[in-house]
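Spelled out from the first residue to the last, the chains are:
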Amino acid sequence: MSQSFATAHQRAVEPEHHDVVIIGAGFSGLYMLYRVRDVLGLDTVVFEAGGGLGGTWYWNRYPGARCDSESFYYSYSFSEELEQEWEWTSKYPEQPEILRYLEHVADRFDLRRDIRFETRVEEAVFDEKTARWLVGTDDGQRSSAQFLISAVGCLSAANVPDIPGLDCFEGDWYHTGRWPHDGVDFANKRVGQIGTGSTGIQAAPVIAAQAAHLTVFQRTPNYSVPARDAALTPERRAEIKENYPAIRKHTRESFGGFPYDPSSRSALELTHDERTAVYERLWQEGGFKFLWGSFYDLLLNEEANETAAEFIRSKIREIVHDPTVAETLAPKDHPYGSKRPPIDTDYFETFNRDNVTLVDVRAEPIEQITPTGLRTTAGDHELDIIVFATGFDAMTGALLAIDIRGRDGLSLRDKWADGPRTYLGLQIAGFPNLFTITGPGSPSVLSNMPVSIEQHVEWIGDCIAHLRAAGRATIEATPAAEEAWVDHVADLAQLGMFSKANSWYVGANIPGKKRVFMPYVGGVANYRHRCDAVAANAYEGFELSG
Ligand code: FAD
Ligand code: N01
């Protein structure tokens, strides 16, 4: 028996008993709590490692942090009253506003009383005799529950790369996903930023405007399209509120959870000039419509994709004055959209500033951090502050940080050693009554996430209600259903552009992580229908017992 399994059983304290334990109090955990406590009437507790609620929006307080789904659909749809009373100020609100929204949700539905903050779940063991989960937290407590629901987030386990010398750095360093609550003063500082993903692209323009000097260390250049944020006028807000039922229906029945109709045209059926006119219009409009609303085949056909990729490169060359810097910023080694595409506010323009330097760490790799800065193979960069915009151990990192043991002491870490295996991204064979909101094998990070989160929460809530009504104690994915789903997810991933990049979708950003494409590429609407059909068909692929 493993050390951890023994530890959970041997903790001296008597466990608290609940119907449901939820791990995490972000978008997912908050709605899950509402659903099982207020709709189903179950005794529920949420454990949250952070000092407050909000998940992503609690932790990511870096300069420039904001959403890139538009606020009117980057929000919950489950309460009409909530929808009608909340006023978003802009298309892409900044982190404080999104956090305020989630705090409002928690207050409105009186959620805080069942959330234990600053409480990290360290282990969870399924006790076969009682068919209950035994959950151990870092405050030494243990809890038992019939159902264990993971709402730990796909992008919550911060990744600080193991660069030699960080311990000896005499300046300050920060990871964007663990940003200090009272901010960072960049005035008169020489700042180094490692990373040019969505986060780095949001942070660099804001840091550059405050710091004495910003050096951006880029490993992979990124395709980015302007966000063109704008305030929402009272008329626009009224129009959105009036149309909410249709907007929400649209998002649920769409491919990516966005309320836009995908284009029915191929990029290859237009002349070069006609196509460029489409790209130009969407570039001026800004946001994700460039990807979703231009041509249907950008993520399906490499030649079509290249037309969009080349358009973005041409824009980078137009914006950035120094041709060498522009060429370094222009991505050429992966298709557009094969890595999570960012949108930005003045990212490429930032490299025209006198106080900004771009360092290509593929040409001159980082060797080490020194007491006074960062050394690449080409020389030393003196720095007062290092910002790690280096992303997350995505999709599996937060879940596997917990020692989870299913039937016969089976460890989830062992089970997933060669990549995550789930049925529908919702359950794992060998781990009865454990549900994973936005788990690997579901659309999750390939969608506007609140749509996928709500779908999972509602499916799980309905499933628990079904079990209780039917007098069943457990539900568990069968190994055969899991196997078939894993194969299906992998087959779909081969079809488009996604397998053509070293992205965090495949775990390529974490040294040693098995490369497996983790999200489900089949789209939000298909996926929803599949989950609904499984439930309607007596939970096909699951075994219900007890
Ligand atoms: P999270 O918000 O990550 O919450 C998980 C919570 O679980 C965290 O608070 C964490 O502390 C807690 N937790 C984890 N492990 C434990 C443990 N062992 N014990 C206790 N607590 C634990 N998505 C979009 O669709 N559109 C966007 O515009 C968008 N913008 C984003 C911007 C940023 C900067 C980032 C990082 C992500 C963004 N995302 C966006 C993705 C975003 O993560 C989701 O939209 C959503 O917020 C996820 O909610 P969640 O509750 O599932 O997870
Ligand atoms: O993380 P990332 P992120 N040496 O992994 C580089 C969501 N999000 O925090 O590409 C040098 O994308 C790494 O290089 P490479 C969104 O889903 C949304 O930016 O691996 N560089 C890359 O440039 C997003 O996709 C918003 O070669 C290293 C960067 O660090 C997800 O969160 C805003 C390195 C990491 O990019 C993660 O985004 C922010 C090393 N050792 C985030 N290790 C919205 O606006 C890593 N890098 C919605």
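No experiment lies behind these values; they were computed from the predicted model shown. (Residues numbered from 1 in each chain as written. Chains lettered and ligands numbered in written order. Predicted model: local features only at pLDDT ≥ 70, side-chain atom pairs only at ≥ 80, totals over all residues. Heavy atoms only, no water.)

(A) The arrangement of the side chain of threonine 396 in detail. Looking at the element boundaries, threonine 396 is found in the loop between strand 16 (385–388) and helix 14 (397–400). In contact with threonine 396, not counting residues within four places along its chain, are Trp416, Pro420, Pro440, Lys513 and Met518. (Helix = DSSP H or I, 4+ residues; strand = E, 2+ residues; numbered from the N terminus. Contact = heavy atoms within 4.5 Å.)

(B) How the structure looks around the layout of surface pockets. Considering only enclosed or pocket space, the second largest pocket measures out at about 460 Å³ in volume. Phe255, Pro262, Trp292, Tyr296 and Leu299 are, among the 23 residues lining the second largest pocket, the residues nearest its centre. Its residues placed into classes, the lining of the second largest pocket shows 15 nonpolar, 6 polar and 2 charged. Among the domains, domain 1 (3–157 + 394–545) and domain 2 (190–223 + 250–388) are the pair contributing at least three residues each to the lining of the second largest pocket. (1 Å grid on protein atoms, 1.4 Å probe; cavity = no way out; pocket = protein on both sides within 12 Å on 5 of 7 lines; lining within 4 Å. Points joined across faces, edges and corners; volume = space filled by probe spheres on them. Nonpolar A, V, L, I, M, F, W, Y, C, P; charged D, E, K, R; others polar. Domains from an automatic or database assignment.)

(C) A look at the domain arrangement of the protein. By the assigned domains, the protein splits into domain 1 (3–157 + 394–545) and domain 2 (190–223 + 250–388). Look at where the C-alpha atoms of domain 1 and domain 2 centre, and you get two points 30 Å apart. Opposite the 34 residues of domain 1 that make contact, domain 2 presents 33 residues. Across the domain 1 to domain 2 interface the summed buried area is about 2600 Å²; carbon plus sulfur atoms make up 57%. Linking domain 1 with domain 2 are 2 salt bridges, by the criterion used here. For aspartate 68, the salt bridge identified is with arginine 340, shortest N-O distance 2.8 Å. Inspection of the domain 1/domain 2 interface yields 11 residue pairs in polar contact (both at pLDDT 80 or more). At 3 residues, the largest contribution of residues to the side of domain 1 that touches domain 2 is made by helix 18 (residues 524–536). Considered class by class, the residues forming the side of domain 1 that touches domain 2 number 18 nonpolar, 10 polar and 6 charged. (Buried area = accessible area lost by both parts, 1.4 Å probe. Salt bridge = Lys/Arg side-chain N within 4 Å of Asp/Glu carboxyl O. Polar contact = N/O pair within 3.5 Å; in protein donor to acceptor, adjacent residues only side chain to side chain.)

(D) Examining the packing of aromatic side chains more closely. A complete count under the given rule lists 48 aromatic pairs for this structure. Ring plane angle 90° and centroid distance 5.0 Å describe the contact between tyrosine 58 and tryptophan 59, whose orientation is recorded as edge-to-face. The class of tyrosine 58 is buried, set by a relative accessible area of 11%. Consider the rings of tryptophan 459 and tyrosine 539, whose centres lie 5.5 Å apart with planes at 75°: the pair is edge-to-face. (Phe/Tyr/Trp six-rings, centres within 6.5 Å; stacked < 30°, edge-to-face > 60°. Buried < 20%, exposed > 50% of the residue type's maximum accessible area, 1.4 Å probe, protein only.)

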